[in-house]
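Chain residues, written in single-letter form:
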Amino acid sequence: MTKPQRPVDEPFVRIIVIENPIEAQVIGDALRQEGIPHEMRSYHDTAYDGLFQAQLGWGELRAPAALAEKIRRLVSEFRGEVVDGIGTPPA
């Protein structure tokens, strides 16, 4: 598996918090299919045996700030959230 090329002139910023490793895998696959450059950063720390993941979530998705809205919309669709009146509210 190849990592998407990171544009040199666009710094990556935290876009969203990822809740679990399954969500990280599914969202990462969707972003790769869309050709969206991104990084997943896990909050796991072996010294603390995952303590921070229990408090903060699994990790974070980082990408260029210019793509933040597109990524948030895609993630909201995956999570089943309502975005601008579009989508199904969680049960």
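As for the sheet that holds strand S2 (residues 39-42)
Move 1: Strand order in the open sheet formed by three strands is S1-S3-S2, with antiparallel pairing between adjacent strands. Sheet topology places strand S1 (12-18) and S2 at the edges, where each strand pairs with a single neighbour. Neighbour-to-neighbour, the strand axes of the sheet open up by a mean angle of 30°, direction not taken into account.
Move 2: Of the pairings in the sheet, the one linking S1 to strand S3 (residues 59-64) comprises six bridges and is antiparallel in character. The residue bridging Val17 from the neighbouring strand is Glu60, located in S3.
Move 3: Packed onto the sheet, helix H1 (residues 21-34) meets S1, S2 and S3 and runs at close to 135° relative to S1.

Description of H1
Move 1: For H1, which comprises 14 residues, the first-to-last C-alpha distance of 20 Å matches the rise-based estimate of 20 Å (1.5 Å per residue) to within 8%.
Move 2: Buried residues in H1 make contact with S1, S2, S3 and helix H3 (68-79).
Move 3: Two to three positions downstream of the cap, the backbone nitrogen of Ile22 sits 3.1 Å from a side-chain oxygen, assigning the N-cap of H1 to Asn20.

A closer look at the nonpolar core
Move 1: If you look at the biggest cluster of nonpolar residues, it comprises 14 residues, and the most contacted ones within it are Ile15, Ile16, Ile18, Ile27, Leu31, Leu61 and Ile71.
Move 2: Within the residue set of this core, elements represented by two or more residues are S1, H1, S3 and H3.
Move 3: Ranked by residues supplied to this core, first place goes to H3 with four residues.
Move 4: When sequence neighbours within four positions are dropped, the list of residues in contact with Ile16 reads Ile27, Gly59, Glu60, Leu61, Arg72, Val75 and Arg79.

As for the pattern of salt bridges
Move 1: In the structure shown here, the tally under the stated rule is four salt bridges.
Move 2: The closest approach of N and O atoms between Glu23 and Arg79, which form a salt bridge, is 2.7 Å. Of this pair, Glu23 sits in helix H1 while Arg79 sits in helix H3, and the two are 56 residues apart along the sequence.
Move 3: On the accessibility criterion, Arg79 (28% relative accessible area) is partly exposed.
Move 4: Between Glu60 and Arg41 there is a salt bridge; the shortest N-O distance is 3.7 Å. Of this pair, Glu60 sits in strand S3 while Arg41 sits in strand S2, and the two are 19 residues apart along the sequence.
Move 5: Residue classification places Glu60 among the buried positions, given a relative accessible area of 5%.

Scoring rules and cut-offs
Residues numbered from 1 in each chain as written. Predicted model: local features only at pLDDT ≥ 70, side-chain atom pairs only at ≥ 80, totals over all residues. Heavy atoms only, no water. Pairing = 2+ DSSP bridges. Helix = DSSP H or I, 4+ residues; strand = E, 2+ residues; numbered from the N terminus. Axes fitted to C-alpha atoms, helices over the stretch in contact; angles between N-to-C directions. Contact = heavy atoms within 4.5 Å. Expected span 1.5 Å × (residues − 1). Polar contact = N/O pair within 3.5 Å; in protein donor to acceptor, adjacent residues only side chain to side chain. Core = buried A, V, L, I, M, F, W, Y, C linked by side-chain atoms within 4.5 Å. Buried < 20%, exposed > 50% of the residue type's maximum accessible area, 1.4 Å probe, protein only. Salt bridge = Lys/Arg side-chain N within 4 Å of Asp/Glu carboxyl O.

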